[in-house]
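Summary of the model geometry
As a plain string of letters, each chain reads:
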Amino acid sequence: MGQVYVVGIGPGAYEEMTVRAGKILSKCDVIVGYTVYVDLVRNHFPGKEFLTTPMRREEERCELAFEEARKGKRVALICSGDAGIYGMAGLMYEVGRNYKDISIEVVPGVTAALGGAALLGAPMVHDCCFISLSDLLTPWEKIEKRLIAAAQSDFVICLYNPSSKKRQDYLRRACDLLLKYKKEETVCGLVKNIARDGEISEILTLKELGETKADMFTTVFVGNQETLVIQGKMVTPRGYDRERKEI
Ligand code: SAH
């Protein structure tokens, strides 16, 4: 039986890839992925066959991986971060219904939320949720519902896909909505190009966040009611303070 690995390569730098992901890429014959991600790993895996497909051609990319595996090759389909977080792990299983002779193994990676959280400090130490602002595959009304529910339940919110060329004002729209339920001074964080050239991280208020430009390599964090700034870092207390008071 043939096999395809679906590998999360982490946010960018080779050092942020897990040892297991690196080992699997080393033993594969073919690495399939979106051009930008293949370029991130290419130099570290010389001698591999690299096959790329452009953005938005995800189904084709999956089929390509299965077809290569059918030829008897060891194949890795790579995704940035983790393949199970707004990545291709799900689509691989869906497309895999037509390739029952090929088994799929998902290899986890460091998702942008984790890479970004470490840069900002400790923003996600308490209950948190991930919401993607991309309405390419999800209706905007549903995204709004989830933003409201997350704000009402006081989750720390991590926003993926906060903006793109066609959706420049989505972050502002999301912040306007959150501001109906959360304070203007709620501590927020923004990270760009995590573990890549041009990496930046910034801490700002929810009001300021709404006035900020994000791009497609930005991940955004919105704190809960307790999130605070400690020595320039975004920190969400776990609640030890409360525990100490009760003792
Ligand atoms: N599977 C990926 C997410 C893909 S969705 C993961 O687990 O990280 C694409 C979104 O992820 C981007 O719009 C951005 O919000 C976030 N992202 C991915 N890589 C990033 C990086 N290096 N720096 C900042 N944000 C990143």
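Presented here is a report on the structure given in the accompanying data block. Since we're looking at a predicted model, the values are computed, not measured.

In this section: the overall build of the protein. Along the backbone of the protein there are 9 helices and 13 strands. When the backbone C-alpha atoms are referred to their principal axes, the protein occupies close to 60 × 40 × 35 Å. If you take every contact in the protein between residues at least 6 apart in sequence, the share linking residues at least 24 apart comes to 69%. The average position of the 34 basic charges and that of the 34 acidic charges among the side chains of the protein differ by 2 Å.

Strand order in the open sheet formed by 5 strands is E7-E8-E11-E9-E10, and the pairing between neighbours is mixed. Where the open sheet ends on each side, the last strands, each with one partner, are strand E7 (128-132) and strand E10 (200-205). Neighbour-to-neighbour, the strand axes of the sheet open up by a mean angle of 20°, direction not taken into account.

To continue, consider a negative patch on the surface. Taken together, the side chains of Glu 59, Glu 63, Glu 67 and Glu 94 present a region of like negative charge at the surface. Position of Glu 63 relative to the elements: it lies in helix H3 (residues 58-70). You can call Glu 63 partly exposed: its relative accessible area is 33%.

This paragraph deals with the nonpolar core. Side chains of a nonpolar character, in soluble globular proteins, are inclined to be buried together. Judged by nonpolar contacts, the single largest core of 24 residues is most densely connected at Leu 133, Leu 147 and Leu 209. A total of 6 residues in this core trace back to one element, the largest contributor, which is helix H7 (residues 170-178). Ignoring sequence-local partners within four residues, the contact set of Leu 147 consists of Ile 131, Leu 133, Leu 159, Ala 174, Leu 177 and Leu 178. Judged by nonpolar contacts, the second largest core, of 20 residues, contains Cys 79, Ala 89, Tyr 99 and Ile 104.

Moving on, we get to the site of the ligand. Near the ligand, the surroundings consist of 18 residues, among which Ile 85, Thr 111, Met 216, Thr 218 and Thr 219 are the closest. Residue Pro 11 places a main-chain N or O atom 3.1 Å away from a nitrogen atom belonging to the ligand. Of the residues contributing to the shell around the ligand, the split by class is 9 nonpolar, 7 polar and 2 charged.

The subject of this paragraph is a nonpolar patch on the surface. Together, Met 55, Met 216 and Phe 217 make up a nonpolar patch on the protein surface, roughly 260 Å² of accessible area in all. By secondary structure assignment, the location of Met 55 is in the loop between strand E3 (49-53) and H3.

What follows deals with the sheet that holds strand E12 (residues 228-230). Within a beta sheet, neighbouring strands are joined by backbone hydrogen bonds and run either parallel or antiparallel to one another. If you walk across this open sheet you meet the 3 strands as E6-E13-E12, and the pairing is mixed. Among the strands making up the open sheet, the edge pair consists of strand E6 (121-122) and E12. Where E6 meets strand E13 (residues 233-235), 2 bridges bridge the pair, whose relative direction is parallel. Within E13, the position partnered with Gly 121 by the bridge is Met 234.

Among all positions of H7, only Tyr 170, Leu 171, Ala 174, Cys 175, Leu 177 and Leu 178 are buried. With its buried residues spanning 160° around the axis, H7 presents them on a single face. At its buried positions, H7 is contacted by helix H6 (140-152), strand E8 (156-160), helix H8 (206-210) and strand E11 (218-222).

Take Asp 154: it is sitting in the loop between H6 and E8. Within polar-contact distance, the side chain of Asp 154 engages the backbone nitrogen of Gln 225 at 3.0 Å. Setting aside residues up to four positions removed in sequence, Asp 154 forms contacts with Lys 182, Asn 224 and Gln 225.

The next subject is the pairing of strand E4 (residues 75-79). Counting buried residues along E4, 5 of its 5 residues qualify, which places the element largely inside the surrounding structure. With burial as the criterion, each face of E4 is covered, one bearing Val 75, Leu 77 and Cys 79 and the other bearing Ala 76 and Ile 78. Where strand E2 (residues 30-34) lies against E4, 3 bridges are found, and the strand directions are parallel. Considered in E4, the bridge of Val 32 is made with Leu 77.

Relative to the helices and strands, Ser 163 is located in the loop between E8 and H7. A distance of 3.3 Å separates the side chain of Ser 163 from the backbone oxygen of Ala 214, its partner in a polar contact. Here Ser 163 is in contact with Gln 168, Ala 214, Asp 215 and Met 216, once residues within four sequence places are set aside.

Rules of the game
Residues numbered from 1 in each chain as written. Predicted model: local features only at pLDDT ≥ 70, side-chain atom pairs only at ≥ 80, totals over all residues. Heavy atoms only, no water. Helix = DSSP H or I, 4+ residues; strand = E, 2+ residues; numbered from the N terminus. Contact = heavy atoms within 4.5 Å. Lys, Arg positive; Asp, Glu negative; His and termini not counted. Charge placed at Lys NZ, Arg CZ, Asp CG, Glu CD. Pairing = 2+ DSSP bridges. Axes fitted to C-alpha atoms, helices over the stretch in contact; angles between N-to-C directions. Patch = residues over 30% accessible without salt bridge, like charges linked within 9 Å, V, L, I, M, F, W, Y side chains within 5 Å. Areas by Shrake-Rupley, 256 points an atom, 1.4 Å probe, with all protein chains shown as cover. Salt bridge = Lys/Arg side-chain N within 4 Å of Asp/Glu carboxyl O. Buried < 20%, exposed > 50% of the residue type's maximum accessible area, 1.4 Å probe, protein only. Core = buried A, V, L, I, M, F, W, Y, C linked by side-chain atoms within 4.5 Å. Near = heavy atom within 4 Å. Polar contact = N/O pair within 3.5 Å; in protein donor to acceptor, adjacent residues only side chain to side chain. Nonpolar A, V, L, I, M, F, W, Y, C, P; charged D, E, K, R; others polar. Arc of directions from axis to C-beta.

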